[in-house]
2 protein chains.
Amino acid sequence: MTYCVGLKLNAGLVLLSDTRTNAGLDNIATYRKMFFFEEPGERVIAIMTAGSLSVTQTTLARLQEAIDDEMADETTSIMLAPTMLQVATMIGDTLSRTRREISDQCRELKQSQASASMIVAGQRADGDMRMFLIYPEGNFIEATDDTPFLQIGEHKYGKPILDRVVTPATSLPDAQKAVLLSMDSTLRSNLSVGMPLDLAIIEKDACAVGATRRILDGDADFMQMSSAWSAALRDSFVKVSI
Amino acid sequence: MTYCVGLKLNAGLVLLSDTRTNAGLDNIATYRKMFFFEEPGERVIAIMTAGSLSVTQTTLARLQEAIDDEMADETTSIMLAPTMLQVATMIGDTLSRTRREISDQCRELKQSQASASMIVAGQRADGDMRMFLIYPEGNFIEATDDTPFLQIGEHKYGKPILDRVVTPATSLPDAQKAVLLSMDSTLRSNLSVGMPLDLAIIEKDACAVGATRRILDGDADFMQMSSAWSAALRDSFVKVSI
């Protein structure tokens, strides 16, 4: 399993992903699930991935190959596509094609289907910040002011806190806190979501990856926040009456 | 969908269920999901249900029919079974048989399978309080001091608060608050869980249903608790730092 969450706020984009992958409970590994494609000042594209690792790795490798191709043009390279919408479409098409091929291979061996989904967030110079959730079929939905966050993977445990505190006006420091608390609830409840975490902030109109941070297991700041939040919840629980 | 939660505490049993059933999003109805079989002072058995209504209603009707049968004995009637473990076994067997029959009917029409699960909680005079989660196959697990709560239906949204505040030593008033806050998070996030709610408390060694309460949509106490909890969460969010 996986948990990735992205916020699209007035002030910028805030992204958080875990790194745990598993093929059965007895085969657990750490893989990065957050990737950047960047030409600072011109465009930044962040991709977070959930699902079958063979599908997401192959999709990313194909996107990179298309960028590096000498013949790359605005219809084949996400670094040349004229809009973020076209970037999302190209990623969706690549994901869908890759997923279908790998599922066909799995079917031959009568194994379960391979699937994957992605969050794509970014901005081009002269364009707006945009964030999309791309489904395994290649279609997608976009974050809006009404729903400024998108989640993939194990999304349920971490949703109540986002519902309650995140609006487009949320500041970047508060947003960082919100996604970390959302992840904290998820880590506590689903063993297949695990540390380390990757956190990234992309400020509005920077068109470049801003602060990034890898939060390791046992990180003192994260542990302090996690226990302060537990204590605050227990305090709140005592205060509320029915 | 459904959300039912039961706590087995040193002081007693606390049970909460919603009442929404749906056959598709365009066919929503209200049905009670909490049932009592009681001979005050001798035994009390509470059953909460999730899943296909045809399976749960038929299972309950069969349990009642077996109780009312003139030939009823300790192997057929849950009101005569000598232990709560045997009560759980009998309910599991009845659920499993009913589910299988209805699934077979569905299969003939090529419809999706019918399934259901139940929480069974209660006590007999001279026996301990016990609480079981019965799976569609009829097998079951039991609440223990390590895990004093059981959930059926949409369990994820409401689990973090239970994980954080419920222990066997939790008082009955606090337990009531915990299950209502757990339900509140679930109601906010899943439209197929809905008011009114049924709440029941069975005090240790009473062997009888104690306080019961139906909480209707718009209940002033519940709304006050819900908004106080939201406010407390937002306050806590401001106080926690990272």
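Anything mentioned here points back to the structure above.
Residues numbered from 1 in each chain as written. Chains lettered and ligands numbered in written order. Predicted model: local features only at pLDDT ≥ 70, side-chain atom pairs only at ≥ 80, totals over all residues. Heavy atoms only, no water.

Asks: An account of the overall build of chain A is needed here, citing residue identities and associated values.
Replies: On a plain count of helices and strands, chain A comes out with five helices and 12 strands. Taken over C-alpha atoms, the radius of gyration comes to 18 Å for chain A, in line with the 18 Å a tight globule of 242 residues would show. Over its C-alpha atoms, taken along the principal directions, chain A stretches across nearly 65 × 50 × 30 Å. In chain A, which comprises 242 residues, the proportion classed as buried is 54%. (Helix = DSSP H or I, 4+ residues; strand = E, 2+ residues; numbered from the N terminus. Rg over C-alpha atoms; globule rule 2.2 N^0.38 Å. Buried < 20%, exposed > 50% of the residue type's maximum accessible area, 1.4 Å probe, protein only.)

Asks: Any details on the interface of chain A and chain B? Residues and values, ideally.
Replies: Listed per partner, the contact involves 37 residues of chain A and 37 residues of chain B. Both faces considered, chain A and chain B share a buried interface measuring about 3,300 Å² in area, 65% of it formed by carbon and sulfur atoms. On the chain A side of the interface with chain B, the three residues burying the most area are R164(A), F237(A) and I242(A), jointly 28% of the side's total. Between the two partners, chain A and chain B, sit four salt bridges. (Contact = heavy atoms within 4.5 Å. Buried area = accessible area lost by both parts, 1.4 Å probe. Salt bridge = Lys/Arg side-chain N within 4 Å of Asp/Glu carboxyl O.)

Asks: Tell me what's going on with the packing of aromatic side chains, and back it up with residues and numbers.
Replies: For the structure shown, the criterion picks out two aromatic pairs over all chains. Both rings, one in F132(B) and one in F140(B), keep their centres 5.2 Å apart while their planes meet at 70°; by these two values the pair is edge-to-face. Look at F132(B) and you get buried, because its relative accessible area is 0%. The aromatic ring of F237(A) is capped on one face by K177(B), whose charged end is 4.7 Å from the ring centroid. (Phe/Tyr/Trp six-rings, centres within 6.5 Å; stacked < 30°, edge-to-face > 60°. Lys NZ or Arg CZ within 6 Å of the ring centre and 35° of its normal.)

Asks: Describe the relation of the copies chain A and chain B, listing the residues and the values that go with them.
Replies: For these two chains of identical sequence, chain A goes onto chain B by a turn of 180° and a shift of 0.0 Å along the axis, with RMSD 0.0 Å. On the angle and the small slide along the axis, the relation comes out as a two-fold axis. Every residue of chain A has its C-alpha some distance from the rotation axis, and the shortest such distance is that of Y157(A), at 2.7 Å. A symmetric contact is evident, with 100% of the interface residues of chain A recurring at the interface of chain B. (Least-squares fit on C-alpha atoms with pLDDT ≥ 70 in both.)

Asks: Residue-level account of the nonpolar core, with values.
Replies: Counting residues in hydrophobic clusters, the biggest one holds 64 residues, and the most contacted among them are L7(A), V14(A), L162(A), L7(B), V14(B) and L162(B). Those residues in contact with L162(A) that sit more than four places away from it in its chain are Y3(A), V5(A), L7(A), F149(A), Q151(A), A178(A) and S182(A). (Core = buried A, V, L, I, M, F, W, Y, C linked by side-chain atoms within 4.5 Å.)

Asks: So what about the environment of L150(B)? Which residues, and what values?
Replies: Residues and elements named next belong to chain B. Mapping L150 onto the fold places it in strand β10 (residues 149-153). Residue classification places L150 among the buried residues on the basis of a relative accessible area of 5%. Distance in space between the C-alpha atoms of L150 and M131 is 8.1 Å, their sequence separation being 19 residues. Those residues in contact with L150 that sit more than four places away from it in its chain are C4, V5, G6, I119, M131, F132, L133, I141 and A143.

Asks: Break down the sheet that holds strand β6 (residues 43-51) of chain A for me, citing the residues and quoting the values.
Replies: All names here are of chain A. Spatial ordering of the open sheet is given by β5-β6-β7-β8-β9, a layout of five strands whose pairing is antiparallel. The open sheet has two free edges, formed respectively by β5 (34-39) and β9 (140-142), since each of these has just one partner strand. When strand polarity is set aside, the average angle formed by the axes of neighbouring strands in this sheet is 20°. In terms of strand pairing, strand β8 (residues 130-134) meets β9 through three bridges, oriented antiparallel. The residue of β9 that forms the bridge with F132 is E142. (Pairing = 2+ DSSP bridges. Axes fitted to C-alpha atoms, helices over the stretch in contact; angles between N-to-C directions.)

Asks: Describe in detail the side chain of K177(B), supporting the description with residues and values.
Replies: Looking at where K177(B) falls in the secondary structure, it is placed in helix α4 (residues 172-189). Buried K177(B), no salt bridge; nearest opposite-charge side chain is D174(B), N-O distance 4.1 Å. Contact partners of K177(B), with chain neighbours within four places excluded, come to F237(A), V238(A), V240(A), S241(A) and I242(A). (Lys, Arg positive; Asp, Glu negative; His and termini not counted.)

Asks: Tell me about the pairing of β6(A), residues and numbers included.
Replies: Remark: a regular strand shows side chains that alternate across the two faces of the sheet. Residue and element names in this part refer to chain A. For β6, a buried count of eight out of nine residues is recorded, marking the element as mostly surrounded by other parts of the structure. From the end of β5 to the start of β6, which pair antiparallel, there are three residues, and G41 there has a positive phi angle of about 90°. Sheet analysis places β6 next to strand β7 (residues 116-124), joined by nine bridges and oriented antiparallel. Its bridge partner lying in β7, V44 is registered against Q123.

Asks: Outline the sheet that holds strand β12 (residues 212-215) of chain B, listing residues and values.
Replies: All names here are of chain B. On the basis of which strands lie adjacent, the open sheet formed by five strands has the order β10-β1-β2-β11-β12 and antiparallel pairing. Each edge of the open sheet carries a strand with a single partner, namely β10 and β12. Pairs of neighbouring strands in the sheet enclose a mean axial angle of 10°, with direction left out of account. Where strand β1 (residues 3-9) and β10 come together, five bridges link them in antiparallel fashion. Considered in β10, the bridge of L7 is made with F149. Sitting on the sheet, α4 touches β1, β2 (12-17), β11 (197-203) and β12, and the angle it makes with β2 is about 20°.

Asks: Can you tell me about unusual backbone geometry, naming the residues and giving the values?
Replies: Residues and elements named next belong to chain A. In this structure, the amide linkage connecting M195 to the following residue, P196, adopts the cis form with an omega of -5°. Along the chain, the position of P196 falls in the loop between α4 (172-189) and β11 (197-203). A positive phi angle, close to 65°, is found at D205, a residue other than glycine. With respect to the helices and strands, the residue D205 is situated in the loop between β11 and β12 (212-215). One non-glycine residue with positive phi stands out, namely C207, at about 50°. As for its position among the elements, C207 is in the loop between β11 and β12.

Asks: How would you explain the pattern of salt bridges if you had to name every residue and give the values?
Replies: Summed over the entire model, instances satisfying the criterion amount to 26 salt bridges over all chains. For R43(A), the salt bridge identified is with E42(A), shortest N-O distance 2.9 Å. Taking relative accessible area as the criterion, E42(A) reaches 24% and is therefore assigned partly exposed. Note that D184(A) is salt-bridged to R164(B), the shortest N-O span being 3.2 Å. Placement of the pair is D184(A) in helix α4 and R164(B) in helix α3 (residues 159-165), with the two residues belonging to separate chains. You'll find D184(A) and R164(B) in the same group, each marked buried. If you follow the salt bridges from partner to partner, you end up with R32(A), D198(A) and R214(A) in one network.

Taken by themselves, the reported measurements are silent on function.
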